[in-house]
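Architecture and fold: a report
Each chain is listed here by its residues.
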2 protein chains.
Amino acid sequence: MFQYEYSNKVKAMRPSIIRELLKQMADPSLISFAGGNPDPEAFPAKEIREISDRLLSGPPGRVLQYSITEGTTELREQGIKYLNAQGPVAKETDDVMVVSGSQQVMDFLSKLLCNDGDLIATEDPAFLGALNSFRSNGARLAGVALEPDGPNLAMLEAVLTGDQKPKFYYTIPNFQNPTGATCSLEKRKAVYKLCKKHGVPILEDNPYGELRFTGEDLPPIKSFDEEGLVIYAASLSKVFAPGMRIALCAGPKALIGQMTVAKQGSDVHSNLWGQRVIEEFYKTYDFAAHIQRLRGVYREKANYMMDCLREKVGGRITFEPIEGGMFLWLNLPEGVDMQAYVKKCLEHKLALVPGNAFFVDGETPCQSVRCNFSTPTMEQIDKGTTIMREVLDGMM
Amino acid sequence: MFQYEYSNKVKAMRPSIIRELLKQMADPSLISFAGGNPDPEAFPAKEIREISDRLLSGPPGRVLQYSITEGTTELREQGIKYLNAQGPVAKETDDVMVVSGSQQVMDFLSKLLCNDGDLIATEDPAFLGALNSFRSNGARLAGVALEPDGPNLAMLEAVLTGDQKPKFYYTIPNFQNPTGATCSLEKRKAVYKLCKKHGVPILEDNPYGELRFTGEDLPPIKSFDEEGLVIYAASLSKVFAPGMRIALCAGPKALIGQMTVAKQGSDVHSNLWGQRVIEEFYKTYDFAAHIQRLRGVYREKANYMMDCLREKVGGRITFEPIEGGMFLWLNLPEGVDMQAYVKKCLEHKLALVPGNAFFVDGETPCQSVRCNFSTPTMEQIDKGTTIMREVLDGMM
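None of the values given here were measured: they were computed from a predicted structure.

1. With respect to the overall build of chain A
- When helices and strands are counted, chain A shows 14 helices and 13 strands.
- Here the C-alpha atoms of chain A give a radius of gyration of 21 Å, agreeing with the 21 Å that 2.2 N^0.38 yields for 396 residues.
- When its C-alpha atoms are laid out on the principal axes, chain A stretches across 60 × 60 × 55 Å.
- Relative to its 396 residues, chain A shows a buried fraction of 64%.
- For chain A, the computed accessible surface area is about 13900 Å², with 51% contributed by carbon and sulfur atoms.
- Counting 44 positive and 50 negative side-chain charges, chain A places the averaged centre of each group 2 Å from the other.

2. Some remarks on the relation of the copies chain A and chain B
- Its rotation angle being 180°, the transformation that places chain A on chain B also includes 0.0 Å of axial translation and leaves an RMSD of 0.0 Å. Both chain copies can therefore be described as sitting about a two-fold axis.
- When the interface residues of chain A are mapped onto chain B, 100% of them again lie at the interface, so the same face is used by both copies.

3. Here we look at the sheet that holds strand 6 (residues 169-171) of chain A
Residue and element names in this part refer to chain A.
- The eight strands are arranged 2-9-8-7-6-3-4-5 in an open sheet whose pairing can be described as mixed. The open sheet is flanked by strand 2 (96-99) and strand 5 (150-151), the only strands paired with a single partner.
- One ladder, built from four bridges, connects strand 2 with strand 9 (residues 247-250); its direction is antiparallel. Of the residues in strand 9, the one forming a bridge with Val-96 is Ala-250.
- Its contacts with the sheet place helix 10 (residues 253-264) against strand 2, strand 8 (230-235) and strand 9, and it is angled at close to 25° to strand 2.

4. Some words on the packing of helix 13 (residues 338-347) of chain B against helix 14 (residues 378-395) of chain B
Residues and elements named next belong to chain B.
- The interhelical angle for the contact between helix 13 and helix 14, taken along N-to-C directions, is 125°, at an axis separation of 10 Å. In terms of orientation, helix 13 and helix 14 fall into the oblique class. Taken as a pair, helix 13 and helix 14 cross one another with a handedness that is right-handed. Every residue of helix 14 that contacts helix 13 at Ala-340, Tyr-341, Lys-344 and Cys-345 is listed here: Ile-387, Met-388, Val-391, Leu-392 and Met-395.
- By residue class, the composition of the contact of helix 13 with helix 14 is eight nonpolar, no polar and one charged.

5. Things to note about the nonpolar core
- Counting 81 residues, the largest nonpolar core has Phe-134, Leu-203 and Tyr-341 of chain A as its most contacted members.
- Ranked by residue count, the leading element in this core is helix 12 (residues 287-313) of chain A, at nine residues.
- Grouped together as the second largest cluster of nonpolar side chains are 80 residues, Leu-203, Ala-233, Met-306 and Cys-308 of chain B included.

6. Some thoughts on the interface of chain A and chain B
- Taken together, the contact pairs 75 residues of chain A with 75 residues of chain B.
- Surface buried jointly by chain A and chain B totals about 6700 Å² across both partners, of which 54% is contributed by carbon and sulfur atoms.
- It is Tyr-4, Leu-64 and Tyr-66 of chain A in chain A that bury the most area against chain B; as a group they hold 11% of the surface buried on that side.
- A salt bridge links Asp-53 of chain B to Arg-49 of chain A; the shortest N-O distance between them is 3.6 Å.
- In this structure, the connection of chain A to chain B is made through 42 residue pairs in polar contact (both at pLDDT 80 or more).
- Among the elements that make up the side of chain A that touches chain B, the one with the highest residue count is helix 3 (residues 45-57) of chain A (seven residues).
- Across the side of chain A that touches chain B, the residue classes tally to 33 nonpolar, 28 polar and 14 charged.

About the cut-offs
- In every chain, residue numbers begin from 1 and rise along the written sequence.
- Chains carry letters and ligands carry numbers; both start at the beginning, A for chains and 1 for ligands, and go up in the order they are written.
- Only residues with pLDDT of at least 70 get local features here, since the model is predicted, and only at 80 or more are side-chain atom pairs given and counted; chain-wide, interface and lining totals rely on the full set of residues.
- With hydrogens and water set aside, each side-chain value is computed from the structure's full complement of heavy atoms.
- In this text, helices come from DSSP runs of H or I with a minimum length of four residues, and strands from runs of E with a minimum of two, each type numbered from the N-terminal end.
- The reference for a compact globule is 2.2 Å times residues^0.38; the radius of gyration itself is calculated from the C-alpha atoms.
- Accessibility here uses a 1.4 Å probe with only protein chains present; expressed as a share of the type maximum, an area under 20% marks a residue as buried, one over 50% as exposed, and anything in between as partly exposed.
- The method behind every accessible area is Shrake-Rupley, applied with a 1.4 Å probe, and residues are considered shielded solely by the protein chains displayed.
- Note on charges: Lys and Arg go in the positive column, Asp and Glu in the negative column, and His and the chain ends are not counted at all.
- Charge coordinates come from a single atom per side chain, which is NZ of Lys, CZ of Arg, CG of Asp or CD of Glu.
- Copies overlap after least-squares fitting; the atoms used are the C-alpha atoms of residues with pLDDT of at least 70 in both.
- Two residues form a contact once any of their heavy atoms are found within 4.5 Å.
- DSSP bridges decide pairing: two strands pair if at least two such bridges lie between them.
- Think of each axis as a best-fit line through the C-alpha atoms, taken over the contacting stretch in the case of a helix, with angles from 0 to 180 degrees between the N-to-C directions.
- Should an angle fall under 35 degrees it is taken as roughly parallel, and over 145 as roughly antiparallel, whereas 65 to 115 is taken as roughly perpendicular and any remaining angle as oblique.
- In a left-handed crossing the near helix is turned counterclockwise from the far helix by less than a right angle, and in a right-handed crossing that turn is clockwise.
- Each residue gets one label: Ala, Val, Leu, Ile, Met, Phe, Trp, Tyr, Cys and Pro are nonpolar, Asp, Glu, Lys and Arg are charged, and the others, such as Gly, are polar.
- To define a nonpolar core, start from buried Ala, Val, Leu, Ile, Met, Phe, Trp, Tyr and Cys residues and group those joined through side-chain atoms within 4.5 Å.
- Two parts placed together each lose some accessible area under a 1.4 Å probe, and the buried area is that loss summed for both.
- Salt bridges are identified by distance alone: a Lys or Arg side-chain nitrogen within 4 Å of an Asp or Glu carboxyl oxygen.
- For this analysis, a polar contact is any N or O atom pair within 3.5 Å, provided that within protein one partner can donate a hydrogen and the other can accept it, and provided that sequence-adjacent residues contribute only side-chain to side-chain pairs.

Now the structure itself:
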């Protein structure tokens, strides 16, 4: 058989540990706190069905024909209002493009800006899918330690002013994946100021911003941007439905133009049905009410997960309470081997993700695990946290 | 404003001339022979609506939730039968993955196999989107002259044995874009033999194979493949609907696994609604009857276009008659400036694509234009070919 020889950039990619974990989840008795799926209860399924039926009763070309690469003008126009909900990120239609999930922004931006061996700065730990996407385009990664209120600013400046200037800095300021941390207003301003000072663009990824169930919205870093320095990725997977693979991206017009050329060379355009459904939802339904309902679903589950953890493993397993998103970052007690704990939980049919999986350097010492509350049912949250207690009791 | 500096690979991309042409098409009085859109009459719109309604009445997670990167097991299983319609290209589910349009195969394969400056061999002229996709991943291109019955074999061997061995050879054997040429059985075998001899994989792109309206099907190059040397891309855009952005890819399991990792880093998975609709169509409708109907639509239009051309510009503008696909490759008479002819036609509200746009080297002397018959109506075919005669009369 022919032996394929892979490019250096692909050799640098790491197989996703989450993907490996997911394979084990075919076992229906397994409880998963390891995934990141939205609660299907939160999907506007009825509305999507109504819209889809109307669309497919109309002229077929509107939903089934080839469309333009940057996305339908209607969705880009409608999208501006919703993109700006937490602060201004886009003014005109040409500031916006439609992508097939926000992961495409990471793929295209790193392809556009990185030659082989170029550096991308990232908060550390960070969203695994982003890191792999960057690596797949030949980039090397420089991690900036993430604190509960955002990146360590001294470390960020050190990375920005190092021997090799990063091509951009990657961050999820709201309810970060994996830590759940939210960057404070002060640090948002400081991050923008530092990046501006050193001429390093920012990729601001905001998949969870709408999922704030308590506290006040903070403005996006993009809202401070007067230099065209920030590229803003807005997943719609958590607000509508991830199976649609539709997200919005806002940025300076010239860059959006180049991103469009990259998209043309990849998937030509995003699924048109998904684009039309979302544009009709924006036009004809009460989006604010939908978001309120969705926040209610997540609030209830997050609070229940935090209550269960406090009751069953409180004082031993610690965490920063979260105000939104999908994830808790749990710190295991000193002396408990984190990897062994995750393994033992899996033997007891509970899946968690070992925290080191999210670090730029997978060998970084780590006592934390990522814990998701959006996918499991209330009953599974109860059962799973009981397993966490039992396994912990057995190891201490 | 911040000035972005783009990577070398992106600088090598050429803005699509077709894209530029399409922008002018906002003018509703323009007749376009320049596009490559399927006839909306050929979409199974009624069936898609029925299936979609059933799907969206069922559990939302089946259509709206995150799904697996390689595509739904059901679509991959169902797909095998249809992939093998013109000869065996896939045996098992793991030989197949779902992609968001076959362009993604070009993106991922060139990303997987090419370091910066690596060579890809391609028939020349070739599908423009493929060439740009290859360039976007840092590849250089080596063209192999395309003859009416397939590539010039001596030139192919020269490229395969040159100083720099190509990472793969790219070909559309059926009703090629832009020339409409179909590779003969002898040349298919010879291409496989040469590539096997020199250890160069083949990317066989088959977007138009199902659109044969006369003559006999020829076996795919992939059907000769015992070495895992051929990656087969099957667009479903012409068979179902391009707005869905769903295609299938068949290849050796290990490579499909790597393609899946690349896809995970780009769009995570393809639109789930589109996957489910196609899988249900395969399961519950008469696919063969659908293809027969579709071939009827294209046969009628192609024959009408060829009749109009013979009647109005016959003897002056020549072409090889085609047996399928969407394109005719028209050769202008010596002494008529091809670029000036295209420009004059556009002034008379008819869009054609200048043939040099499809060559690896855009400066290659070229007397041909690409002419599409699937997008215009019968009336537009009549009017447009009249414009071609009038402009030609004025220039000769």
